[in-house]
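# What the coordinates show
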Amino acid sequence: MKVEINGAAHDLADEATVADALAAIAAPEKGVAVAVDGLVVRRADWPSTRLAAGAAVEVLTAVQGG
Amino acid sequence: MDETLVVGGRKIGSRLITGTGGAANLEVLERALIASGTTLTTVAMRRIDAQTGTGVLDLLRRLGIEVLPNTAGCRTAAEAVLTARLAREALETDLVKLEVVADERTLLPDPIELLDAAEQLVDDGFTVLPYTNDDPVLARKLEQVGCAAVMPLGSPIGTGLGIRNPHNIEMIVAEAGVPVVLDAGIGTASEAAQAMELGCDAVLLATAVTRAADPERMAQAMRLAVEAGYAARHAGRIPRRYWAQASSPEID
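Attention here is on the structure that accompanies the text. (Residues numbered from 1 in each chain as written. Chains lettered and ligands numbered in written order. Predicted model: local features only at pLDDT ≥ 70, side-chain atom pairs only at ≥ 80, totals over all residues.)

### Notes on the overall build of chain B
Applicable threshold: Each helix is a run of H or I in the DSSP string that is no shorter than four residues. Each strand is a run of E no shorter than two, and both are numbered from the N terminus. Counting other C-beta atoms within 10 Å of a residue's own tells you its class, since 20 or more makes it buried, 12 or fewer makes it exposed, and anything in between is partly exposed; those C-beta atoms are placed from the backbone. Each residue gets a C-beta atom placed from its backbone, and two residues are in contact if those atoms lie within 7 Å.
From N to C terminus, chain B includes nine helices and 10 strands. Taking the principal axes of its C-alpha atoms as reference, chain B extends roughly 80 × 40 × 40 Å. Buried residues in chain B amount to 50% of all 252 residues. For chain B, contacts bridging at least 24 residues in sequence account for 63% of all contacts bridging at least 6.

### Structural notes on the environment of Ala225 of chain B
Looking at the element boundaries, Ala225 of chain B is found in helix H9 (residues 215-235). Beyond its immediate sequence surroundings of up to four residues, Ala225 of chain B is in contact with Ala189, Ser190, Ala192 and Ala193 of chain B.

### Observations concerning helix H4 (residues 111-123) of chain B
Residues and elements named next belong to chain B. As a reminder, the rule being used: One less than the number of residues in a helix, times 1.5 Å, gives the span that helix is expected to have.
For H4, built from 13 residues, the straight-helix expectation of 18 Å at 1.5 Å per residue is met to within 8% by its first-to-last C-alpha distance of 18 Å. Those residues of H4 that fall on the buried side of the exposure criterion are Glu113, Leu114, Leu115, Ala117, Ala118 and Leu121. In this structure, the buried side of H4 is in contact with helix H3 (77-91), strand E6 (95-98), strand E7 (127-132) and helix H5 (136-144). Looking at the residues trailing H4, positive phi occurs at Gly125, about 95 degrees.

### A short note on the packing of H3 of chain B against H4 of chain B
Residue and element names in this part refer to chain B. How we decide: Lines fitted to C-alpha atoms define the axes here, with helix axes fitted over just the stretch in contact, and angles between the N-to-C directions of these axes take values from 0 to 180 degrees. Each crossing gets its handedness from the near helix: less than a right angle anticlockwise from the far helix is left-handed, clockwise is right-handed. Note on residue categories: nonpolar means Ala, Val, Leu, Ile, Met, Phe, Trp, Tyr, Cys or Pro, charged means Asp, Glu, Lys or Arg, and polar means any other residue, Gly included.
Where H3 meets H4, the closest approach of the two axes is 8 Å, and the angle between their N-to-C directions is 35 degrees. Where H3 crosses over H4, the handedness of that crossing is right-handed. Here Ala77, Ala80, Val81 and Ala84 of H3 come into contact with H4, specifically with Glu113, Asp116, Ala117, Gln120 and Leu121. In terms of residue class, the contact of H3 with H4 is made up of six nonpolar, one polar and two charged.

### What to know about the sheet that holds E6 of chain B
Residue and element names in this part refer to chain B. Note the following rule: Whether two strands pair depends on DSSP finding at least two bridges between them.
Within the open sheet, the three strands sit side by side as E6-E7-E8. Their pairing is parallel. A single partner strand is all that each edge strand has here, and the edge strands are E6 and strand E8 (151-152). Both E7 and E8 contribute to a ladder of two bridges, which runs parallel. Along E8, the bridge assignment pairs Thr132 with Pro152. Seen against the sheet, H4 touches E6 and E7 and runs at an angle of roughly 170 degrees to E7.

### Concerning the pairing of strand E2 (residues 8-11) of chain A
All names here are of chain A. Where strand E1 (residues 2-5) and E2 come together, four bridges link them in antiparallel fashion. Within the sheet, the bridge partner assigned to Lys2 lies in E2 and is Asp11. The hairpin turn running from E1 into E2, its antiparallel successor, is two residues long, and Asn6 in that turn takes a positive phi close to 50 degrees.

### Structural notes on the nonpolar core
All names here are of chain B. Spelled out, the test is: When buried Ala, Val, Leu, Ile, Met, Phe, Trp, Tyr and Cys residues are joined through C-beta atoms within 7 Å, the set is termed a nonpolar core.
Within the largest apolar cluster, 102 residues are counted, with the highest numbers of intra-cluster contacts made by Leu98, Leu129, Val181, Ala192, Cys200, Val203 and Met222. Counting residues per element, this core draws most heavily on H3, at nine residues. Residue contacts for Met222: discarding those within four places in its chain leaves Leu16, Ser36, Ala189, Ala192, Leu205, Ala208 and Val209.

Right under this line is the structure:
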């Protein structure tokens, strides 16, 4: 199925989870947070939260600013 | 007397909070942060980039500097609340520098969205440090909804115009029951000292240091200025007089 990760299209397995989406972009485990369709998914729930086709996944970290 | 700054029950080791925004690279940032003596620094939340990864966090961890995530770029309370929640998840801190700006040209806070976001985040357990206008009434309302500090601007972000309305800052200080942090607009050291002389508890700045020709040296200047202004404020300055008053004895 197709999902969008940080604005780019990715093809993931139909049963893919948030953890699989992070693996798809080789995101580090620490220092990142994930929102799916505008809602925060807690770290503990990454392996068990299934993505729906067309989901918009945002993976954020801290950058210089402010 | 313990003169350590306390925000939301948490001790802050330095009264200068140096932001990370605007530094040319991480090496320049590292030298500036060290020279500033800061123990707390701001970061922004953005999509992770494969090239930079979590570089700034790795640096701050190595330097032992605590992170204060901001909600820069947010225009509505809803955006700011989501960004704060993501920051808490990524950085494992309940501190947030709440920024909700009205437009790109002025980057001035939108007071209505700001107050709404502050209330939601306080209810959600955050320690909220709002970037606010130099408006004593708004500062009071932010304190009333439970913000741990108020952070009025001296002038718009990145302008280096200093403190345009010192009297408003004094009124905010006079009424506040939480720490007041002068945030934004500082251009040079005398303005940081002025903020402290007006009674602010701390100064938050980034651009003035990171975009100076010599960021490390300016960081040191800001550290000294904040210390000097704080000392002067608490030393009890002389009253202003209209006419001269000799400091040497009269000739007999």
